[in-house]
Structure formats: structure tokens, C-alpha cells
Amino acid sequence: MMALDLQLFRLINNLAGRNAFLDSLARLLVNEYFLTTTMALILVIFWFEGQDRDQRERNQRAILRALVALLLANIILKLCNLIYFRPRPFVDHEVNLLFYHPTDSSFPSNPATVGFSVATAIWLYNRRLGASLLVLATLFSLSRIYCGVHYPLDVIAGALLGALSAYLVVRKGGFIDPLISLIIRTGRRLYLA
Amino acid sequence: MQETRICLSVAYPLHQGVHYVLNFISPHLAINYFLLAFITIVGALQFVAARHRLAGLTLIGSASKPTWGYLLATLLIMLAFVWFFAVTPEVFEPGLAGSELAVLFGIAGLCALAFTLLASSILHRVQHREKSAPRSDSRLRHEAVSWQELRGTLYLPEDTNEPRPAICALPAPSEETLSPHPVVADLVDEGFIVLTIDWGPEKEVRYPAMLASLPSAVAYLTRRDEVNPERIGALGIDLGGDLAIRSAGTDQQIAAVLALAPFLSQANTQPGLSILKEMSYLEALRWASFRKRGKLVAELAALDSISKLGSRPLLLIYGDQDSIIPAEEEMARGRLKSLPGEGHLSLPGSPATSALVARWFKENL
């Protein structure tokens, strides 16, 4: 399993350093600021989306559930980090490193967890926007392998963790509905929802 | 060189020896990210304003010109990212983690929202001041009315040699008075006598005391020689429309009722975000400050009174751009006319509305 993981890592990471444009693009996507901020801005716009109050409320519920999914995924991820530490690829292997040396555990991938938790939660409400966010989350995750800071297995685990958290919150998280309704009601009173 | 760190103190221990600390790495990075988030969120809000024609969010003056809004949004977002990556070399070093990013993005979001709402309100106010030139009613023959509890203004046409049909006009209580108003002038020009009722201060508008105003106005009008007591109608605007329908339901002397954008349902008094299509955020807060509106609409229960009007003529007029009351909900009930291009606020002052009101009363009163 680990051998396959390493093989797959090499397949993607060996592409780095060959094409200046691809490297620049990967460096843009791999950092913590560009794609996370872009996804957050998409959610800001989605908050106001909808032809009428009911449609808007559905979208706002999706966003609030996505945020709860993100929180849940992060809690699980922190717990995983406490019980299992996997060194980054550049610690044990020679890699094409296009990014700085993160010191935290490689498994599961934090960016994949964040991206997929939000994207999946939105996808469960709105297929079109959700698919776009899933593309962004995938690019975010692939760039981490391309730049040499994550193994493919880290990313797959992060994506599964994010998706599972989103599924749990959206499909089984009815108990948070009163809180979500309160937030939307307050927003509506303030003419912001 | 010693690294500058901003730490918001140790928060809470998650595990022995592991502490969760907000570490903003460097003031330069934190400030730059805050500015990036602030500017891009302002840009995103401009996109929203352009897409949904939200006058209360736009920073370009007119929400009806979405192209400029989209352009401004694109420029703000793109330039902010270019600037951030150009001046922040720390982007490719160990940087902000998710919690710090979330905190900075959240604070920047609140600041951007407050900035946008305030700046848009100021712009809206400046533009509105330029556009609104109040129409004078000095050319109309009028006299102040103070009879029992009734306060208002009586507008008379030039020729009152024979008894004329009369209309009691009820403004929205938040407007206090309907004088001067284009619809009044047009009705007088068509030969109607118009008595506009003044509510006085908002805090004094109460149920059931307000139910006495229309019967009192009708009683006053029947005492006037210029008025034909068989031809008295009621015109209500906004909540005044609800009151006109309710009062006409019990007062058989009111021969015809026309309501401009009445609420009919309490749910319509909580429009949410849509209200920003017609007014700035500060205006919306002022509109909301009349807290009794929802309660009064429920107490007046105008919808229930419609059936009590029997065969007497009734017309409800809404603007098809009304962002407060969704007219289509009431469309099925019949006796409803929708005016294209008008919103809740613009409807009463529109020349098309005045013409329609005057024509309708001429045909039905």
C-alpha cells in the first residue's frame, strides 16, 4: 500500500521542475491563501444567491452546514494527528520540493480535508456549485502532491475525512437545525439573509 | 534576526503538552491577509449587488447598471490577489494556519460588510437628495382639518358648485402625512375632493384607536356641502391600505376602496435581504424601527375584510418590482393590478400610479 502510494507520489511529483508555467501555477494553488480565500468568497456570494426567500434560506443552510462540517473535519483531523504522525515525503525521500517544509503530520492532508468538507456539503445541496468547489478542492490537493508536501494517500484520506464529515453534518446533523435557523432568522432581521 | 510573533495567548490545552495558539506569524503577513480578505469581500459584495440589483449594497451609485458592478467586483478581487502575492513574500514560507485564516477572514468580512453598507447608504443618500425635488401642493386649494380627533388636510378642486365625489386618503403611518403627494394632486385635478389624514408621530399610532380615523373622516366629509355623501371612497398606501380595507369592511358608506401595496399578511412585513433592492441599509433600519408594523398588520387582518366589501369596487395595486411584498402571492385573489417597473417605495409617487388611481376612481366612484 505504502509502495503504491510512493509510486503514485513519484508519478505526480516528478512532473515538477519540468515546466515553468505548471510550476508557477502549482505554487499559486498550493499555498494556504489563494484557493481557501477563493472558496470562502464563493460562499460569501452563495449566501446572497436565490430568487426568493426560500431559495436563499436553502443556500444559507448549505453554507452554515458546510462550516459545521469543516469544524467537525478539523476536530477529527487534529485527533488523528495526535495519535498518528506520518513524516512528510521530503523527510524520507528525495523529492522535487516547490514549497516550504511543513513540520506537522502529513496524514491526513489538511488542505484536502478542508476543501472536501466544504465542497461536499455544498454539493449535497447544490450539485453545480458543489462540483465547481470539488474541482477547486481537487486542484488544491493535487498541487500538494505536485509540490512534494503530501503523499497521495494523505490527500485521499483527507478527502474522505472531509466528505464523510460533510455527509454526517448534512444528512445526520438535524440537531444543529435550531442553531442554523436562529442564525438565519437573526440575519433576516438585520436584512442580511 | 528574531521573528516577530503575535500570539493571542495560549487558549486551551487539547492534549498534554499540545496547546492550541493563534499564531499570526508576522504582523506584515497578518495585515496583508486582512487587507486581501477585506478588499476581495467588498468585491464579492459588489458582485452580489450587481447580480441581484441590490441598491443597499452597491458602491457604484446605481444598482440598475450591473455591468459597472461586475467590472468593479472583478477589478477589486483580481487587483487584491495580485497585490497580495506581489508584496507578501511570506506566502511561500510557513504561514497562517486554518484557524488564523478563519479569524482574519471573519473579521475582515464583518469590516467589509459594515464598510459596504455604510458607504452605499451615504452614496444613496447623496443621490436621492439630488433627485428628489418635492412637488409643491401650493397651487391646490386646501385647508387644514381639525375636527374631533381627526387631523388632516382637505384638498378641493376649483369648481365645487355641485357636490363632488370625495376620497379619504390614508398614508403609511411611518410617513405621518400624505401632503403633498402626486396622487392627491392628480385626483383633485380630476375633480375629486381629497381628505388626507395625518397620523401624527409613529408612537401614537395604535390599534384599535386607528380604526376610528376613517369613519371619522367620512363623518366629517358628509357634513361638508361640497361633498356628495353617496360617493365617498378610500385610498390607502402601504399599511394605510390595510386600514382602508379593514375600515371599509365595516363602514358601508365607503363606496370604493383602492389600496396601494397593502401588506395583507404579517409575513410581508419581514422582507429580509430583498428590502435592500429598494433602499439603503440605513433606510432599511429606519423602516424597521417602526416595530409595530407587523403587529398592526396582523390586528387589522385586511385580508379577512376583503370578503366583507361585497360587491363594492376594490383594487389592489402593487409594483412588479416590489421587493417587500411579493405581489404574485396576492395575484390569485383577483382585483389586483401590477404596475411594471415600480417598487414598493416608488409605487405611490409614480405618475403611472397617479393616473391609474384617478382613472379607477373616476370609473368606480
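Scroll up to find the structure.
The following paragraphs examine the structure supplied in this document. (Residues numbered from 1 in each chain as written. Chains lettered and ligands numbered in written order. Predicted model: local features only at pLDDT ≥ 70, side-chain atom pairs only at ≥ 80, totals over all residues. Heavy atoms only, no water.)

1. Points about the packing of aromatic side chains
Definition in use: Pairing of aromatic rings covers Phe, Tyr and Trp, the last through its six-membered ring, and needs centres within 6.5 Å; plane angles under 30 degrees mean stacked, over 60 mean edge-to-face, and all others mean tilted. Runs of H or I in DSSP of at least four residues are treated as helices and runs of E of at least two as strands, each being numbered from the N terminus. The rule is simple: take the accessible area with a 1.4 Å probe, protein chains only, and divide by the maximum for that residue type; under 20% is buried, over 50% is exposed, in between is partly exposed. In our convention, an over-ring charge means Lys NZ or Arg CZ found within 6 Å of a ring centre and within 35 degrees of that ring's normal.
In total, this model carries 17 aromatic pairs over all chains according to the counting rule given. An angle of 85° between the planes, with centres 5.6 Å apart, marks the rings of Y84 of chain A and F107 of chain A as edge-to-face. In this pair, Y84 of chain A is assigned in the loop between α4 (53–83) and α5 (89–92) and F107 of chain A in the loop between α5 and α6 (110–125), connecting sequence segments 23 residues apart. By relative accessible area, F107 of chain A is classed as partly exposed at 24%. Between W360 of chain B and F361 of chain B, the ring centres sit 5.3 Å apart and the planes meet at 75°, which makes this aromatic pair edge-to-face. Judged by relative accessible area, which is 10%, W360 of chain B ranks as buried. Taking the relative accessible area as the measure of exposure, F361 of chain B reaches 0% and is therefore buried. Aromatic ring contacts, followed pair by pair, group Y33 and F34 of chain A together with Y33, F81, F84 and F85 of chain B into a single cluster. Between R127 of chain A and the ring centre of W123 of chain A, over which it is positioned, the NZ or CZ distance is 3.9 Å. One cation-aromatic arrangement involves R293 of chain B over W287 of chain B; the distance from NZ or CZ to the ring centre is 3.8 Å.

2. What about the interface of chain A and chain B?
Let me state the cut-off plainly: The criterion used for residue contact is that any of the two residues' heavy atoms lie within 4.5 Å. Note on terms: buried area is the combined drop in 1.4 Å-probe accessible area of two parts once they are placed together, counting the loss on both. In what follows, salt bridge is the name for a side-chain nitrogen of Lys or Arg lying within 4 Å of a carboxyl oxygen of Asp or Glu. Polar contacts here mean pairs of N or O atoms no more than 3.5 Å apart (in protein, one a potential hydrogen donor and the other a potential acceptor; neighbouring residues in sequence count only if both atoms are side-chain atoms).
Contacts between the two partners involve 27 residues from chain A, matched on the other side by 41 residues from chain B. For the pair chain A and chain B, the two sides together bury roughly 2900 Å², of which 72% comes from carbon and sulfur. Sorting the residues of chain A by area buried against chain B places Y33, F48 and Y191 of chain A first, and these three jointly supply 30% of that buried surface. Remark: the boundary between chain A and chain B carries one salt bridge. In this structure, E49 of chain A engages R51 of chain B in a salt bridge whose closest nitrogen and oxygen atoms are separated by 2.6 Å. At the boundary of chain A with chain B, the tally comes to eight residue pairs in polar contact (both at pLDDT 80 or more). Looking at the side of chain A that touches chain B, the elements that each hand over two or more residues are α2 (20–30), α3 (34–47) and α4 of chain A. Here the element with the most residues in the side of chain A that touches chain B is α3 of chain A; it accounts for eight residues.

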